There are 2 protein chains.
Amino acid sequence: LVLISVTGETLESNFLHHKKEKLTHFRVYWHDIVTGQDSSSVSIMNPPKKYTGATGFGLMRMIDNPLTLTPKLSSKMVGRAQGFYAGTSKEEIGLLMAMNFAILDGKYNGSTITVLGRNSVFDKVREMPVIGGSGLFRFARGYVQASTHEFNLKTGNAIVEYNCYLLHY
Amino acid sequence: LVLISVTGETLESNFLHHKKEKLTHFRVYWHDIVTGQDSSSVSIMNPPKKYTGATGFGLMRMIDNPLTLTPKLSSKMVGRAQGFYAGTSKEEIGLLMAMNFAILDGKYNGSTITVLGRNSVFDKVREMPVIGGSGLFRFARGYVQASTHEFNLKTGNAIVEYNCYLLHY
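What you see is a predicted model, and the numbers here were worked out from it, not measured in a lab.

A. How the structure looks around the pattern of salt bridges. Scanning the model with the defined rule gives 14 salt bridges over all chains in all. The residue Asp38 of chain A makes a salt bridge to Lys90 of chain B at a minimum N-O spacing of 2.6 Å. Linking Asp38 of chain A in the loop between strand E2 (22-32) and strand E3 (41-45) with Lys90 of chain B in the loop between strand E4 (77-87) and strand E5 (94-103), this pair reaches from one chain into another. Using a relative accessible area of 57% as the deciding quantity, one classes Asp38 of chain A as exposed. According to the relative accessible area criterion, Lys90 of chain B is buried, its value standing at 16%. With its nearest N and O atoms 3.4 Å apart, the salt bridge here joins Arg141 of chain B to Glu21 of chain B.

Below, the structure is given as structure tokens:
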């Protein structure tokens, strides 16, 4: 392959021929730990001063949030949600979530899915798209449905149930 | 066309009929130049003060990194990787990459692909999803495999080989 310019080569002309996409579901609990020594969600951007609304419009937090098997934080950690979320709503607490779920346990250990979508935290169920994946989730598309399991007003920590639905090969 | 509400119009009811997705591969070298006069990767966010771990959790860098044909920076520039990456791991140096590869040479000149995924920089090969594209890569899905070609401890500059696999029409 003599590289004169980035020509690209066609590996397969009909890649999807005879390939079937299956729909897979799994559930994890996402822990947003904002207080205490070992916080997993840290503020990296405050709302602009002139914006005094209580919706957090303009804030950003970086997260490396544990994903566990059951709602209890001490239950088996099956992955990590790594990325950030931003306050993107002036009217309510509405977030843009941009995060990779790195699965660290079981059949999908080593695979990831990428979520980028809108999260209106006070809705009962929030649907966000899965825009891609890696490993067993290569070429994946899908969606997650997030619903708050517990929100601790005192600490600000939250536990959110994420049901993940993936179309993949 | 009287616009009462965003109703949307069906342009084609069976768009994918008779369309085949081909799998294309190309390889580029991504240069993260952090030092010197003409740095292409600049810090826009430092980790929060209280976070003293050495994994860079909370940092963000904006990049306009050259993509070249061979590992040498002076080799033909075939595109630019424009976007940002964020330190999103507390345990290791793990990044969230969000970047557009603008191809500026050869058959795909003028087309782009968008990468958004998890990059554990010390893994030998890191797979990240291609979540979309434009031009010849419109409707594209795919993945990239990144492997570090060279990391200069003194300067912090890195050269990473990106093998890109695109499913597109």
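B. View of the interface of chain A and chain B. In this assembly, 46 residues from chain A lie in contact with 43 residues from chain B. In this assembly, chain A packs against chain B so that about 3,700 Å² is buried in total across both faces, 62% of it on carbon and sulfur atoms. Residue Glu127 of chain B is joined to Arg138 of chain A by a salt bridge in which the shortest nitrogen-to-oxygen separation is 2.7 Å. Taken together, chain A and chain B are joined by 15 residue pairs in polar contact (both at pLDDT 80 or more). Taken together, the elements giving at least two residues each to the side of chain A that touches chain B come down to strand E1 (9-12), E3, strand E4 (60-68), strand E5 (77-87), strand E6 (94-103), strand E7 (112-120) and strand E8 (126-134) of chain A.

C. Expanded view of the environment of Ala158 of chain A. All names here are of chain A. Looking at the element boundaries, Ala158 is found in strand E10 (residues 158-168). For the pair Ala158 and Leu73, spaced 85 residues apart in the sequence, the C-alpha separation amounts to 11 Å. Excluding anything up to four places from it in sequence, Ala158 contacts Trp30, His31, Asp32, Glu150 and Phe151.

D. The relation of the copies chain A and chain B, seen in detail. For the pair chain A and chain B, the superposition axis carries a translation of 0.0 Å, the fit reaches an RMSD of 0.2 Å, and the rotation angle comes to 119 degrees. Such a turn and shift between the copies fits a three-fold axis. Residue Ile131 of chain A of chain A places its C-alpha closer to the rotation axis than any other residue of that unit, at 3.4 Å. Comparing interface residues between copies, only 15% of those in chain A also sit at the interface in chain B, which points to a heterologous contact through distinct surfaces.

E. Summary view of the pairing of E4 of chain A. Residues and elements named next belong to chain A. Judged by how many residues are buried, E4 sits mostly within the fold: 9 of 9 residues are covered. Side chains of E4 alternate between two faces, with Met60, Met62, Asp64, Pro66 and Thr68 and Arg61, Ile63, Asn65 and Leu67 buried alike. Note that E2 and E4 share 2 bridges and pair antiparallel. Paired with Trp30 across the two strands is Leu67, which belongs to E4. Judged from the 4 bridges that link them, E3 and E4 form a sheet pairing that is antiparallel. Residue Met45 lies in a different strand from E4, and its bridge partner there is Met60. One ladder, built from 9 bridges, connects E4 with E5; its direction is antiparallel. What sits directly across from Met60, in E5, is Ala86.

Reading the values: rules and limits
- Residues numbered from 1 in each chain as written.
- Chains lettered and ligands numbered in written order.
- Predicted model: local features only at pLDDT ≥ 70, side-chain atom pairs only at ≥ 80, totals over all residues.
- Heavy atoms only, no water.
- Salt bridge = Lys/Arg side-chain N within 4 Å of Asp/Glu carboxyl O.
- Helix = DSSP H or I, 4+ residues; strand = E, 2+ residues; numbered from the N terminus.
- Buried < 20%, exposed > 50% of the residue type's maximum accessible area, 1.4 Å probe, protein only.
- Contact = heavy atoms within 4.5 Å.
- Buried area = accessible area lost by both parts, 1.4 Å probe.
- Polar contact = N/O pair within 3.5 Å; in protein donor to acceptor, adjacent residues only side chain to side chain.
- Least-squares fit on C-alpha atoms with pLDDT ≥ 70 in both.
- Pairing = 2+ DSSP bridges.

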